[in-house]
Amino acid sequence: MLTFNAQTCTTQPDQRLTGHRAGKAMLLAVLPLVAGVALANETKSTEGDMSQQERSIEQEMFGSLEDGREVALYTLTNAEGASFSVTPYGGTIVALKVPDAEGNVGDVVLGFNSLDDYRSPAYRQANPYFGALIGRYGNRIADGRFTLDGKTYRLPTNDGDNHLHGGDTGFDRRLWQAETVEDERGVGIILTLTSADGDQGYPGELQTRVRYTLSDDNALTIDYRATADAATPVNLTQHSYFNLDGVSGQEAQGHDILGHRLMIDADRFTPVDEGLIPTGEMRDVAGTPFDFREATAIGERIDSENTQLSRGQGYDHNFVLNADRSADGELTTAARVVAENSGRVMEVQTTEPGLQFYSGNFLDGSLTGKSGTSYGHRFGLALETQHFPDSPNQDGFPSTILKPGEVYESRTRYVFSTTSTHSSAD
């Protein structure tokens with residue numbers, strides 16, 4: 001079930017910065033977070049040894065929209081030298097740089113160097129949602145319709161006959177308001193967006209607030225909060241694609257994610273029909289290629305003869321997480337990924353009941369990302385914490401309906417570490 005909490009999140013923003021107020025001519029606006037400490041230059045987050053340093057926030061110009069609004073890119077660095085870059089356009093995580101087992105910092109998420117790349121015809125046709133915030137509803141709603149309180153609502157069908165990730169103009173294509181924050185939790189950015197009544201066919205005005213926080217233990221925490229003035233489905237998630245061997249430079253050459261070892265704490269998954277809509281069944285993973293209860297290489301069974309794998313052209317399925325979600329706000333481990341080449345480890349913790357594992361099946365090399373890296377077949381994987389797909393039409397699934405007076409709250413943490421047991425990347 002959804003976690004509802006009447007208490008609001010409290011933050012103390014140190015400075016308000018909005019995407020459309022970004023500096024011009026690629027001006028780099030440096031915002032030191034500790035007085036008297038100079039900001040390290042861009043090389044601090046490239047390959048090299050990690051060292052203790054001061055937290056920092058940088059702002060630069062990332063591009064502009066057709067209506068003239070300028071869009072910023074913020075880079076936030078923790079005291080250990082790890083960093084992430086995010087743009088208010090779509091709330092998109094553009095880069096995430098963390099150390100490997102040798103202490104070298106590398107980027108582990110797929111993305112592009114400019115706003116134009118995210119808005120190009122090639123990108124829109126492929127529609128991979130690299131790094132974006134997804135809303136109002138992450139994943140699919142069958143036939144682009146649902147019935148609520150006796151009324152049927154119709155949504156855009158942007159995935160065959162179905163509605164996907166909020167529609168033609170979902171939250172991934174909106175310019176969010178942004179403000180930076182630094183407190184005891186780490187360095188972060190708060191993004192806010194108002195979705196009007198009737199937006200993409202959804203009822204009610206929805207006020208959404210998302211905070212990204214990078215803590216000094218190399219964990220990226222995502223806090224979601226939303227309220228509505230009418231009952232409406234809400235299922236927010238984050239759509240980053242990860243490759244823990246690195247996505248740029250020499251470390252990216254020839255490394256897809258099939259060798260990554262994945263654990264998902266789920267005894268069941270939700271099988272899908274030909275349109276990737278859940279059938280309503282919660283099927284036992286035992287004896288199937290969907291059993292990741294013990295760490296298993298992603299590529300070990302991905303090409304097995306299996307109807308579900310054929311329908312998704314690989315893994316593109318929701319897993320029913322084992323942990324009891326009845327305790328409000330309690331984080332539990334949903335998944336763990338280990339890349340033996342780099343020694344990087346990512347643990348996914350969440351308050352959500354489901355996890356969509358997507359193995360990058362539709363990446364085909366047509367998109368070229370940062371540092372000229374071609375994003376080929378299964379070059380990245382997504383682990384989207386969520387409620388279940390098509391829940392508004394599935395009585396047996398946890399409810400996603402947010403009602404007036406309730407508060408939608410959800411939290412996910414991607415925790416990065418390393419293991420000493422890894423092979424050479426050359």
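Above this text you will find the structure in question.
Residues numbered from 1 in each chain as written. Predicted model: local features only at pLDDT ≥ 70, side-chain atom pairs only at ≥ 80, totals over all residues. Heavy atoms only, no water.

*Asks:* Which residues make up the overall build of the protein, and what values do they have?
*Replies:* What the protein contains, in helices and strands, is 3 helices and 29 strands. Within the protein, the proportion of its 426 residues that are buried is 60%. Within the protein, contacts between residues separated by at least 24 positions form 69% of all contacts whose residues are at least 6 apart in sequence. Here the protein displays about 16,500 Å² of accessible surface, and carbon together with sulfur accounts for 43% of that area. (Helix = DSSP H or I, 4+ residues; strand = E, 2+ residues; numbered from the N terminus. Buried < 20%, exposed > 50% of the residue type's maximum accessible area, 1.4 Å probe, protein only. Contact = heavy atoms within 4.5 Å. Areas by Shrake-Rupley, 256 points an atom, 1.4 Å probe, with all protein chains shown as cover.)

*Asks:* Tell me about the pattern of salt bridges, and name the residues and values.
*Replies:* Opposite charge on two side chains permits pairing when their charged atoms draw close. Counting across every chain of the model gives 18 salt bridges. Residue Asp183 is joined to Arg211 by a salt bridge in which the shortest nitrogen-to-oxygen separation is 3.1 Å. Placement of the pair is Asp183 in strand β13 (residues 177–183) and Arg211 in strand β15 (residues 206–214), with a sequence separation of 28 residues. With relative accessibility at 1%, the residue Arg211 sits in the buried group. The salt bridge partner of Glu281 is Arg283, with a shortest N-O separation of 3.0 Å. Three or more residues are tied together by salt bridges with common partners; here these are Arg55, Glu182 and Asp216. (Salt bridge = Lys/Arg side-chain N within 4 Å of Asp/Glu carboxyl O.)

*Asks:* Break down the pairing of β15 for me, citing the residues and quoting the values.
*Replies:* Looking along a regular strand, one sees side chains alternate from face to face of the sheet. Buried residues dominate β15, accounting for 8 of its 9 residues. Where strand β14 (residues 186–195) meets β15, 9 bridges bridge the pair, whose relative direction is antiparallel. Of the residues in β15, the one forming a bridge with Leu191 is Val210. Sheet topology places β15 next to strand β16 (residues 219–228); 9 bridges connect them, and they run antiparallel. Considered in β16, the bridge of Leu206 is made with Ala228. (Pairing = 2+ DSSP bridges.)

*Asks:* Before we move on, could you go through the sheet that holds strand β26 (residues 354–358) and cite the residues and values that matter?
*Replies:* Strand order across the open sheet formed by 5 strands is β21-β20-β23-β26-β27, with antiparallel pairing between neighbours. In this open sheet, the two strands that pair with only one neighbour each are β21 (283–284) and β27 (382–386). Relative to β27, β26 runs antiparallel, the two sharing 5 bridges. Bridge pairing in β27 links Gly354 to Gln386.

*Asks:* Describe the nonpolar core, naming the residues involved and giving the relevant values.
*Replies:* Grouped burial of nonpolar side chains is what soluble globular proteins tend to show. Ranked by internal contacts, the top residues of the largest apolar core, which has 61 residues, are Tyr212, Ile264, Phe357 and Leu383. By residue number, the principal contributor to this core is β16, which donates 5 residues. Counting 21 residues, the second-largest nonpolar core is a separate cluster that includes Phe130, Leu175, Val247 and Tyr358. (Core = buried A, V, L, I, M, F, W, Y, C linked by side-chain atoms within 4.5 Å.)

*Asks:* Lay out the packing of aromatic side chains with the relevant residues and their values.
*Replies:* In the structure shown here, the tally under the stated rule is 26 aromatic pairs. Consider the rings of Phe112 and Tyr123, whose centres lie 5.5 Å apart with planes at 85°: the pair is edge-to-face. A residue pair is termed long-range when its members are at least 10 positions apart, and Phe112 in the loop between β7 (105–107) and α1 (115–118) and Tyr123 in helix α2 (residues 121–126) qualify at 11 residues. Three or more aromatic residues link up through ring pairs in this structure, and these residues are Phe62, Phe112, Tyr118, Tyr123, Phe130, Tyr241, Tyr358, Phe362, Tyr375 and Phe379. (Phe/Tyr/Trp six-rings, centres within 6.5 Å; stacked < 30°, edge-to-face > 60°.)

*Asks:* Go over the side chain of Ser215 with me, naming the residues and quoting the values.
*Replies:* If you trace the backbone, Ser215 turns up in the loop between β15 and β16. Once you skip the residues sitting within four places of it in the chain, Ser215 turns out to touch Asn78, Arg185, Gly186 and Arg413.

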